[in-house]
Amino acid sequence: MYQTRKIGVVGQGHVGAHVANSLLMQGIADELYLCDINEAKVTSEVQDLRDSLSFVPYNTKIVNCYDHYEELACCDVIVNAAGKVALAAGNRDGELFFTTDAARTFAKRIVDAGFDGIFVSISNPCDVVCTELWHLTGYDPKKIIGSGCGLDSARLRTEISKKVGVSPKSIDAYMIGEHGFSQLAAFKAATIAGKSLNELQAENPDKYAFDHMEVEELARKGGYVTYQGKQCTEYAVANSAARVCAAVLHNEHAVLSASTLMTGQYGEEGIFTSLPCVIGAEGGADAMIDDVEQLRLLVSQQVAPGTPYFIFGHSMGSLVLRSYLPRYGQGLAGAVICGTANEATAVSRAGNLAARAIAAVRGDGYRSGLLHALADGAYSRAIKDARTPFDWLS
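An account of the accompanying structure is given in this report. All figures in this text were calculated on a predicted structure; none of them were measured in a lab.

Focus: the overall build of the protein chain
Piece 1. Looking only at helices and strands, one finds 13 helices and 16 strands in the protein chain.
Piece 2. Sorting the 394 residues of the protein chain into buried and exposed places 46% on the buried side.
Piece 3. Long-range pairs, those at least 24 residues apart, make up 65% of the contacts in the protein chain with a sequence separation of at least 6.
Piece 4. Counting every atom, the protein chain has about 19,900 Å² of accessible surface; 55% of that belongs to carbon and sulfur.

Below you can see the structure in the form of structure tokens.
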């Protein structure tokens, strides 16, 4: 049965309004619930977004909640975009007291009203605000995700792309740590098409060698280049927040750099900071990845010290392995990824459109033979003398 996807956005300033627009333009939400302490502002944003419905992929219900935060309790995801960007002109910490004070006005009210979804916080200073949301509400910290260095990682990939002439989408590289001036680029884990950046630089220095310190600094300060000309950042941060929302709603288990609660990693605990996280419907679920690493350490140190360690990942295990490698891959002698998934964007969109059309005509509970054939038919046909339509599952 089709589940309505509901997203709330707290704060309708520059960033919050662009988040709502990005969610609408990408067709991520079925219902948008918008809040702001300025009633006239949120009313105008709701009207403007409703006027856009003829031009977006899907019809979306847009609700004006003003400062009635309890109305957001029904949402699957709530984006915290409350802030005052002018205070961050010199440093993201400039918004500290404004954003933490704002969180005190709504966070506990939303949780006490029965909210059981995921908080995605993009207010700055991001790591501090996430920690404050956790302390204010006692909410499950796995369900509090900060946008953190997600946007900074995109900036890093952009700067690498400019140096080596490869699309940012083909570059896997992360900024980690504080979403601020102390963040750093994890160059040792950076890859292009699965090959480490260090290997590529050694093989073809004319194309792939560049000043790492320079690129790291450009990624670290990229937001201030944007701010300098228009006194705000809007598009990229909104799209970054929308990306996290999509990963949650579609239960993607996507690996994104995001602010998460430290529970002993690198000797730190009790604070939020950015690491590559596996993000799905349950929030920043990276415990499985840590377990794989703990097992490797146990085997390498106590069972077979000095023996080369390989990991074979098949089907769901391949997705776990793909999430593991950027974070802990340096400890492996090698890895084998088998029977994994790929992101066929055009096919996925066509399938979504077909599913929506069939559901509109036959109802949400209808089991479509056409969709089954399109999604699983090729796998089933490859099995000779199959006893069931699902013998292909491994």
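Right, picking up where we left off after that structure.
Details of the side chain of Gln-201
Piece 1. Inspection of the secondary structure assignment puts Gln-201 in helix α6 (residues 197–203).
Piece 2. The exposure class assigned to Gln-201 is buried, which follows from its relative accessible area of 13%.
Piece 3. Not counting residues within four places of it along the chain, the set of residues in contact with Gln-201 comprises Tyr-208, Ala-209, Phe-210 and His-212.

Some thoughts on the sheet that holds strand β7 (residues 171–172)
Piece 1. Spatial strand order, β7-β10-β11: 3 strands in an open sheet with antiparallel pairing. Looking at the sheet topology across the chains shown, the edges are occupied by β7 and β11 (195–196).
Piece 2. Relative to strand β10 (residues 191–192), β7 runs antiparallel, the two being bridged by 2 bridges. Note that in β10 the partner of Asp-172 across the bridge is Thr-191.

Side note on the packing of aromatic side chains
Piece 1. Applying the stated criterion across every chain yields a total of 8 aromatic pairs.
Piece 2. Taking 5.8 Å as the distance between ring centres and 20° as the angle between the ring planes, the aromatic pair formed by Phe-115 and Tyr-139 counts as stacked. Here Phe-115 is found in the loop between α3 (96–112) and β5 (118–121), whereas its partner Tyr-139 is found in the loop between α4 (126–137) and β6 (144–146), with 24 residues between them in sequence.
Piece 3. Phe-115 sits in the buried class, given a relative accessible area of 3%.
Piece 4. Note on Trp-134 and Phe-272: the rings are 6.3 Å apart at their centroids and 65° apart in plane angle, and the pair reads as edge-to-face. Of the two residues, Trp-134 is situated in helix α4 and Phe-272 in strand β13 (residues 269–280); the sequence distance between them amounts to 138 residues.
Piece 5. Lys-207 extends its terminal NZ or CZ atom over the ring of Tyr-208, reaching a point 5.5 Å from the ring centre.

Topic: the state of the cysteines
Piece 1. If you walk through the whole model with that rule in mind, you get 0 disulfides.
Piece 2. Here Cys-65 stays unpaired: no disulfide links it, and the sulfur of Cys-35, its closest cysteine neighbor, is 4.6 Å away.
Piece 3. Free cysteine: Cys-126, not disulfide-bonded; nearest cysteine sulfur from Cys-130 at 4.3 Å.
Piece 4. The exposure class assigned to Cys-126 is buried, which follows from its relative accessible area of 1%.

Here we look at the layout of surface pockets
Piece 1. Its boundaries defined by the atoms lining it, the second largest pocket holds a volume of some 780 Å³.
Piece 2. If you go around the second largest pocket, you meet 40 residues; those closest to its centre are Ala-81, Gly-83, Lys-84, Val-85 and Glu-95.
Piece 3. Those elements that provide at least two residues to the lining of the second largest pocket are α1 (14–25), α3, α5 (150–164), α8 (212–230) and α9 (235–249).
Piece 4. In terms of residues, the lining of the second largest pocket owes the most to one element, α3, which gives 5 residues.

Some words on the nonpolar core
Piece 1. Counting 39 residues, the largest nonpolar core has Ile-7, Val-19, Leu-23, Leu-34, Val-79 and Ile-279 as its most contacted members.
Piece 2. Residue contributions to this core peak at 10 residues, all from α9.
Piece 3. The residues contacting Val-79, other than those within four sequence positions of it, are Ile-7, Gly-8, Val-9, Val-10, Val-19, Val-120, Ile-122 and Cys-245.
Piece 4. Among the nonpolar cores identified, the runner-up in size contains 27 residues, and Leu-72, Phe-106, Ile-110 and Cys-130 belong to it.

Digging into α1
Piece 1. The end-to-end C-alpha distance of α1 is 16 Å, a good match for the 16 Å that 12 residues give at a rise of 1.5 Å each.
Piece 2. Among the residues of α1, Val-15, Gly-16, Ala-17, Val-19, Ala-20, Ser-22, Leu-23 and Leu-24 are the ones counted as buried.
Piece 3. Where α1 is buried, its residues touch β1 (6–10), β2 (31–35), α2 (39–50), β3 (61–66), β4 (77–80) and α9.
Piece 4. Within two residues after α1, Gly-27 carries a phi angle of roughly 70°, on the positive side.

Rules used in this analysis
- Residues numbered from 1 in each chain as written.
- Predicted model: local features only at pLDDT ≥ 70, side-chain atom pairs only at ≥ 80, totals over all residues.
- Heavy atoms only, no water.
- Helix = DSSP H or I, 4+ residues; strand = E, 2+ residues; numbered from the N terminus.
- Buried < 20%, exposed > 50% of the residue type's maximum accessible area, 1.4 Å probe, protein only.
- Contact = heavy atoms within 4.5 Å.
- Areas by Shrake-Rupley, 256 points an atom, 1.4 Å probe, with all protein chains shown as cover.
- Pairing = 2+ DSSP bridges.
- Phe/Tyr/Trp six-rings, centres within 6.5 Å; stacked < 30°, edge-to-face > 60°.
- Lys NZ or Arg CZ within 6 Å of the ring centre and 35° of its normal.
- Disulfide = S-S within 2.5 Å.
- 1 Å grid on protein atoms, 1.4 Å probe; cavity = no way out; pocket = protein on both sides within 12 Å on 5 of 7 lines; lining within 4 Å.
- Points joined across faces, edges and corners; volume = space filled by probe spheres on them.
- Core = buried A, V, L, I, M, F, W, Y, C linked by side-chain atoms within 4.5 Å.
- Expected span 1.5 Å × (residues − 1).

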